[in-house]
Amino acid sequence: MIVFHIDIHKYLLGGKMFALPTLKYSFSAIEPYIDAQTMEIHYSKHHQAYLDNLNKALEKYPDLQTKYVEELLIDLNLVPEEIRTAVRNNGGGYVNHALFWEVMSPESTKEPIKDIKTAIENTFGSFDNFKQQFSQAALNRFGSGWAWLAINENKQLEIMSTANQDSPISEGKKPVLGLDVWEHAYYLKYHNRRQEYIENWWNVVNWEYVDQLYNASN
Ligand code: MN3
């Protein structure tokens, strides 16, 4: 029995087509770290496009529309071959971004709190060590992709990175924190300076939410 994330699978609206999750803060709320124009384009154009293309791919498959997106991603071999790549890219893009908006907040505590704080310290020695390793994973991702903190098969925290819109879910892991390092996530403000984007991003991490997700997934 697979236990899904509470806050991702709510985006599936009772057997209807998938919908764009509500952004809980304004486009300018996490400035100056992420600028309003980037947020607006990222959410209303990029995320919308992943959603539209996911829905389009599933048009001929009403039985798949009633599943959680995570169920489609967890074993892509069960998805019909003709839409497998579309579901991998757009289903992945859909859930990755749904998570990304949630793990950011204008009211960041700046540092981990509660259980996720303890878990990070136990696994990585300190928050600073973790931050360094995670940032390196984000920096080293060649081309487009994501850096993740995920819970692995042994219920251990693990830093990982995926290419394109591949989800850790497809590798049997449960993401609790993700950083989008596609150029569309930072280029307007940071141009080619991915490292600066990554450093600044730590100021907006919603550790309250990451802690909830950690507890719900563990
Ligand atoms: Mn993106």
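Up top you'll find the structure we're talking about.
Residues numbered from 1 in each chain as written. Predicted model: local features only at pLDDT ≥ 70, side-chain atom pairs only at ≥ 80, totals over all residues. Heavy atoms only, no water.

Draft legend 1. Representation of the coordination of the manganese ion. Protein coordination at the manganese ion: the donors are H42 (NE2), H97 (NE2), D180 (OD) and H184 (NE2), at 1.9 to 2.1 Å from the metal. For the manganese ion, all donor residues lie on one chain, and their spacing in sequence is H-x54-H-x82-D-x3-H. Of this pair, H42 sits in helix α2 (residues 36–58) while H184 sits in the loop between β3 (174–180) and α8 (187–190), and the two are 142 residues apart along the sequence. Looking at H42, the relative accessible area reads 2%, which means it is buried. Overall, the relative accessible area of 18% leaves H184 in the buried class. (Donors = N, O, S within 2.8 Å, 3.2 Å for Na, K, Ca; no water. Helix = DSSP H or I, 4+ residues; strand = E, 2+ residues; numbered from the N terminus. Buried < 20%, exposed > 50% of the residue type's maximum accessible area, 1.4 Å probe, protein only.)

Draft legend 2. Region of interest: α2. Between its first and last C-alpha atoms α2 spans 32 Å; for 23 residues at 1.5 Å apiece the expected length is 33 Å, and the two agree. Of all the bends found along α2, the most pronounced is centred on H42 and spans about 30°. Within the sequence span of α2, burial applies to T38, M39, H42, Y43, H47, Y50, L51, L54, N55, A57 and L58. Residues of α2 that are buried sit in contact with α3 (62–65), α4 (69–74), α5 (81–102), β3 and α8. (Expected span 1.5 Å × (residues − 1). Bend = angle between axes of the 7 residues up to and from the residue. Contact = heavy atoms within 4.5 Å.)

Draft legend 3. Main features of the pairing of strand β2 (residues 157–163). Pairing of strand β1 (residues 145–151) with β2 involves seven bridges; the strand directions are antiparallel. Paired with A150 across the two strands is E158, which belongs to β2. Hairpin connection between β1 and β2: a loop of five residues separates the two successive antiparallel strands, and K155 in this loop has a positive phi of roughly 60°. (Pairing = 2+ DSSP bridges.)

Draft legend 4. Just the nonpolar core, in detail. Counting 50 residues, the largest nonpolar core has M104, F130, L149, L177, W201 and W207 as its most contacted members. It is β1 that provides the largest number of residues to this core, a total of six residues. Once you skip the residues sitting within four places of it in the chain, W207 turns out to touch T109, K110, E111, P112, I113, I116, I120, F127, F130, L177 and W202. Counting residues in each nonpolar core, the second largest holds 16 residues, with Y61, L72, V95 and I169 among its members. (Core = buried A, V, L, I, M, F, W, Y, C linked by side-chain atoms within 4.5 Å.)

Draft legend 5. Representation of the packing of aromatic side chains within the structure. What the rule picks out here adds up to 17 aromatic pairs. Relative to Y43, the ring of F27 has its centre 6.1 Å away and its plane inclined at 55°; by these criteria the two rings are tilted. Linking F27 in the loop between α1 (6–9) and α2 with Y43 in helix α2, this pair joins segments that are 16 residues apart in sequence. For F27, a relative accessible area of 27% translates into the label partly exposed. Look at Y43 and you get buried, because its relative accessible area is 13%. Aromatic ring contacts, followed pair by pair, group F124, F127, F130, F134, W201, W202 and W207 into a single cluster. The ring of Y190 is capped by K189, whose NZ or CZ atom sits 5.6 Å from the centre of that ring. (Phe/Tyr/Trp six-rings, centres within 6.5 Å; stacked < 30°, edge-to-face > 60°. Lys NZ or Arg CZ within 6 Å of the ring centre and 35° of its normal.)

Draft legend 6. Spotlight on the sheet that holds β1. The strand order across the open sheet formed by three strands is β2-β1-β3, and the pairing between neighbours is antiparallel. Taken across any chain shown, the strands that pair with only one partner, and hence form the sheet edges, are β2 and β3. Sheet twist, expressed as the average angle between the axes of neighbouring strands with direction ignored, equals 25°. Lying on the sheet, α5 is in contact with β1 and β3; it crosses β3 at an angle near 80°. (Axes fitted to C-alpha atoms, helices over the stretch in contact; angles between N-to-C directions.)

Draft legend 7. Region of interest: the packing of helix α6 (residues 114–124) against helix α10 (residues 207–217). At a closest axis distance of 7 Å, the pairing of α6 and α10 adopts a crossing angle of 80°. Taken together, the axes of α6 and α10 are roughly perpendicular relative to one another. Within the contact between the two elements, α6 uses K114, D115, I116, A119 and I120 and α10 uses W207, E208, V210, D211, Y214 and N215. For the contact of α6 with α10, a count of residues per class yields six nonpolar, one polar and four charged. (Parallel < 35°, antiparallel > 145°, perpendicular 65-115°, else oblique. Nonpolar A, V, L, I, M, F, W, Y, C, P; charged D, E, K, R; others polar.)

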